[in-house]
Amino acid sequence: MSGSVRALAAAVLAVAGLSGISGCASPDAPREPRTTGTVLTVTRVSPVDAKLSWHGKAPGAAGRIVEFATEPRGPWTILTYAPLSQTTYRHPDLIPETHFSYRVRPYYGPASRPVDVALPKGAFTKAEQQEEHTWAPPRTIRRAGVRTSPARGPAATPTDLRAKIMHANGIRFTWTDHAEGERGYLLEDRPRGDDSFRPVAVLDPDINSFGLITLPNEKRASYRVRPVTYGERSNIARLTTGERPAGRG
Amino acid sequence: MSTKYRVIAGISAACGLLLAASGAAHAEVEPGGWSSESPGFKVQERGCGQVDNLTFTLTCSTASGDQRAERRYDTYNGGTHQFEGYFRVTSMGGTRISLKQTFNDTDGDAGPYFMLAVERGGRLYAVHGGDTLSNAGTVGATVRVNTVHDVGEEHRTYINGSLKHTVDSPGGSFYDKFGAYRTSSGNGPATVVWSNVKFWRK
């Protein structure tokens, strides 16, 4: 990089830093608002361990996503879908001597009524293993006359969620999509004995059919789907990691 | 052009410079001295494997033989090499599909050296040894992979920014591969979409 370009880049970085970089839209977020509703801080708790903390209200949100990048412009990668009650996240064993950027965003979207599924006993058999599973890939089943509404509102709640048991470790879910403008769909499950739902698949917009191959702890579980939109992102919190400590890795 | 649009255009241009400058300065990870490179590659389709640009599909559930859809990059000899890429398993009816490999291409020692694979449910694991690296491979989730291979010293694998696997490396010749590849105990069908793939060396 030439000296003049470096100087200009430094000036732009300074301006961008003052604005939280939000003025420079990243390719994955062309329509995001630039103000913040959540305040995020990151602390280096060891040379290669980060602890994130955030506060702020997000009325009506289903939870928050925590994202990271190692370049100011991204790409941003989602680390977790955190329940609304969660206000910290530990990102461990980081790449040494590298710049990390973090942000959090609430996500919204009404969840369907859950369906309970009890699968037959048995493991994924060799025969089932060798089936084509053509029912499993995410797809859109077009339905005429379905009313749609903005994804964040209650009228976008998915209806008619059905779970068809395909074999001892496979379930095909179908539902009616009432959302418009959603960024995608989450399929969430709550295995029996667990307290809360968690995403088990992240699906594209307009998907309303998906086959899940289950894990051993999902023989009895509740499932639901929700369209997802993202809210205002937090400030961007940054840290630079130190050297990898001896004995780590 | 109105003042408002001039200001927007100015900000856009500045952002463009910022993005270009930051991309050049901060793209790679780990301490500096890296040079970006663009190794050549060959597309490999075997059995029911199909490649469409960066979408890699195994269309069958056949649990034997070569079932692979991948890019095989040029062989490197010595030095330190970094790979970065993002994958998304968009559908997975089968299980135990290898996503990224570092292959030993040294005469007498040729063969897979490191293989990152995904099991149904999203478990990411190292095929050699079976260590679980992460559970981030859920269908539809985008996962970032960085590998740093210091030939003759060490091969490190980072999943979503965290160090998850380290293995000693012999010297010799190696190459990178990624896509969707049936492991010896696995089978399709599966579709994996890769994006933002980059290479550096020093």
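- An unreviewed UniProt entry annotates chain A as Fibronectin type III domain-containing protein of Streptomyces yatensis.

1. Examining the overall build of chain A
Inference 1: Check the secondary structure of chain A and you find two helices and 16 strands.
Inference 2: Counting the 249 residues in chain A, one finds 49% classified as buried.
Inference 3: Within chain A, counting contacts between residues at least 6 apart in sequence, those at least 24 apart form 74% of the total.
Inference 4: Carbon and sulfur atoms make up 52% of the accessible area of chain A, which totals about 11900 Å².

2. Here we look at the sheet that holds strand 5 (residues 88-91) of chain A
Residue and element names in this part refer to chain A.
Inference 1: Read across the sheet, three strands follow the order 1-2-5 without closing on themselves; strand pairing throughout is antiparallel. The sheet terminates laterally at strand 1 (39-46) and strand 5, the two strands that pair on one side only. Taken over all neighbouring pairs, the strand axes of this sheet differ in orientation by 20° on average, direction set aside.
Inference 2: Examined bridge by bridge, strand 2 (residues 49-55) and strand 5 share four bridges and lie antiparallel to one another. Residue pairing in the sheet places Ala50 in a bridge with His91 of strand 5.

3. What about the sheet that holds strand 14 (residues 209-213) of chain A?
All names here are of chain A.
Inference 1: Sheet architecture is open: three strands sit in the order 9-10-14, paired in antiparallel fashion. Two strands close off the open sheet at either side, each with one partner strand: strand 9 (159-167) and strand 14. Direction aside, neighbouring strands of the sheet carry axes that sit 20° apart on average.
Inference 2: The pairing of strand 9 with strand 10 (residues 170-176) spans six bridges and is classified as antiparallel. By the bridge assignment for strand 10, His167 is matched with Gly170.

Reading the values: the criteria
- Residues numbered from 1 in each chain as written.
- Chains lettered and ligands numbered in written order.
- Predicted model: local features only at pLDDT ≥ 70, side-chain atom pairs only at ≥ 80, totals over all residues.
- Heavy atoms only, no water.
- Helix = DSSP H or I, 4+ residues; strand = E, 2+ residues; numbered from the N terminus.
- Buried < 20%, exposed > 50% of the residue type's maximum accessible area, 1.4 Å probe, protein only.
- Contact = heavy atoms within 4.5 Å.
- Areas by Shrake-Rupley, 256 points an atom, 1.4 Å probe, with all protein chains shown as cover.
- Pairing = 2+ DSSP bridges.
- Axes fitted to C-alpha atoms, helices over the stretch in contact; angles between N-to-C directions.

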